[in-house]
Structures are given as structure tokens and as C-alpha cells.
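Structure at a glance
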Amino acid sequence: MARRYDPERRRRIIDAAIRVVGRSGIAGLSHRSVAAEADVPLGSTTYHFKTLDELMVAALRQANEGFAKAIASRGGLEDTRTDLATELAGLLGEWLAGERTGVELEYELYLAALRRPALRPVAAEWCEDVTMLLSRRTDPVTARALVALMDGICLQVLLTGAPYDEAYAREMLDRVISGT
């Protein structure tokens, strides 16, 4: 039987991995669970991703794209006339108000880097990319502090289930930006 050309298979496998992690956590991720979710033969998952770490790296990269798109869609980060703290607080609010499963999934993959060294460079890329974006509006040290603060705020909201407090986020972001 001739091989069927399927240019989207790799992407479908990554999408399936994201759904599996979103539903069952990292512990539920296996080549078998992803193959079943993607409706592809098991060999397809191992062909495209030799290890689960390779699959998680691809999933984390794709998940990171979501935050980058959220930043790009706001446009206010590029406009020096906008208040940076207000813009970032609004961005976090939009991000956390979106599909909660997606945000939780991104953090689960991001935090998996603590135990899986293969994920660390991808997690670091995310921090570096956002820091670079913010460095257009502030100095690099302040940009790194803003990334850390935004990470902390998001993680606290996710862990505690507390509603996102945009006014609080704006005030804390402004303190970091202004140095007070």
C-alpha cells in the first residue's frame, strides 16, 4: 500500500498532545494517548517525535505562540503614547479571561521544564522573546522584572483560583516600570 502524504500530520500530533495535556496533565501524555487523540497510527507519533520530550518541546513552542499572538494583537505595546503598565495589565486580563485550559496548559508545560531539561531552552526562549518585546519600551533589566512579575501574577491567579485583579496588576507593573 502506498504511503499517504499528510503534510498536516505533525501539526495534528502536536495539537493532540496539547489536548491530552490539557485534559490529563503531563502524566497522561504518551505516544499512545497522542496517537489515539490525533487519530493516527502509533508509528506516526514516534516517527515525528522520537521521545516524549521532543513532543513536549514542540507543544510548548506552539503554546508559546499563543501568548506572542496576544501581545501582537494588542498593538499598544508598540505605541509609546500608551501607558505600558495599563497595556500589560490589560493584556494579562485578556489572557487570563480566555480559555482557562489553554493558559493552564501553557503553565503546565512551562513548569515541566523544572524536571525535564529538554524543555528549559524553550521556556527560556519565551522569557527572552517577551523581554525583547518589552525592551522596546523600557530597559532590558526592567523588562526582565516585568516578565517575572507577569509570570508571578498569572501563576497566582491559576493556583489560587482568585479572580484577576487588573487594578492591582497595573499598580505593581507601574511600580516596576517607574522604579518605586
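Residues numbered from 1 in each chain as written. Predicted model: local features only at pLDDT ≥ 70, side-chain atom pairs only at ≥ 80, totals over all residues. Heavy atoms only, no water.

Tracing the backbone shows D151 in helix α8 (residues 140-160). R144 provides the closest opposite charge to the buried, unpaired D151, separated from it by 11 Å. Dropping the residues within four chain positions of it, D151 is found in contact with Y107, Y110 and W126. (Helix = DSSP H or I, 4+ residues; strand = E, 2+ residues; numbered from the N terminus. Buried < 20%, exposed > 50% of the residue type's maximum accessible area, 1.4 Å probe, protein only. Lys, Arg positive; Asp, Glu negative; His and termini not counted. Salt bridge = Lys/Arg side-chain N within 4 Å of Asp/Glu carboxyl O. Contact = heavy atoms within 4.5 Å.)

Taking a probe equal in size to a water molecule and rolling it over the atoms shows the remaining empty space. Summed over all chains, the structure comprises 1 cavity of 30 Å³ or more. The space that makes up the largest cavity amounts to roughly 120 Å³. Breaking the lining of the largest cavity down by element, the ones donating at least two residues are α4 (52-74), α5 (84-97), α6 (100-112) and α8. The residue makeup of the lining of the largest cavity, split by class, is 8 nonpolar, 1 polar and 2 charged. (1 Å grid on protein atoms, 1.4 Å probe; cavity = no way out; pocket = protein on both sides within 12 Å on 5 of 7 lines; lining within 4 Å. Points joined across faces, edges and corners; volume = space filled by probe spheres on them. Nonpolar A, V, L, I, M, F, W, Y, C, P; charged D, E, K, R; others polar.)

Further remarks concern helix α1 (residues 9-24). In this model, α1 (16 residues) spans 22 Å end to end at C-alpha, consistent with the 22 Å of a helix rising 1.5 Å per residue. Those residues of α1 that fall on the buried side of the exposure criterion are R9, I13, I14, A16, A17, I18, V20 and V21. Of the residues flanking the end of α1, it is G25, one or two places downstream, whose phi is positive at about 80°. (Expected span 1.5 Å × (residues − 1).)

Another aspect to go through is the environment of L105. Its location among the elements puts L105 in helix α6. For the pair L105 and L55, spaced 50 residues apart in sequence, the C-alpha separation works out to 14 Å. Setting aside its immediate chain neighbours within four residues, L105 contacts I18, V21 and G22.

As a further point, take the confidence of the model for the chain. Chain-level statistics for the chain give a pLDDT mean of 88 and a share of 97% at 70 or above. Of all secondary-structure elements in the chain, the lowest mean pLDDT belongs to α6, at 79, while helix α9 (residues 166-178) reaches the highest, 97. (pLDDT = per-residue confidence, 0-100.)

This paragraph deals with unusual backbone geometry. One non-glycine residue, D39, adopts positive backbone phi at about 55°. Examined against the element boundaries, D39 turns out to sit in the loop between α2 (31-38) and α3 (42-48). The exposure class assigned to D39 is exposed, which follows from its relative accessible area of 68%.

With that settled, consider the packing of aromatic side chains. Evaluated as defined, the whole model comprises 2 aromatic pairs. Both rings, one in Y107 and one in Y110, keep their centres 5.8 Å apart while their planes meet at 85°; by these two values the pair is edge-to-face. In this pair, Y107 and Y110 are both assigned in helix α6, 3 residues apart and thus about one turn of the helix distant. Exposure remark for Y107: the relative accessible area of 10% places this residue in the buried category. Residue class for Y110 comes out buried when judged on its relative accessible area of 17%. Through a chain of ring-to-ring contacts, the aromatic side chains of Y107, Y110 and W126 assemble into a single cluster. (Phe/Tyr/Trp six-rings, centres within 6.5 Å; stacked < 30°, edge-to-face > 60°.)

Membership of the largest hydrophobic core comes to 57 residues, with the highest contact counts inside it found for L29, V34, L88, L109, V130, L134 and Y164. The element best represented in this core is α4, accounting for 10 residues. Not counting chain neighbours up to four residues away, the residues in contact with L88 comprise L77, L134, L146, M150 and L173. (Core = buried A, V, L, I, M, F, W, Y, C linked by side-chain atoms within 4.5 Å.)

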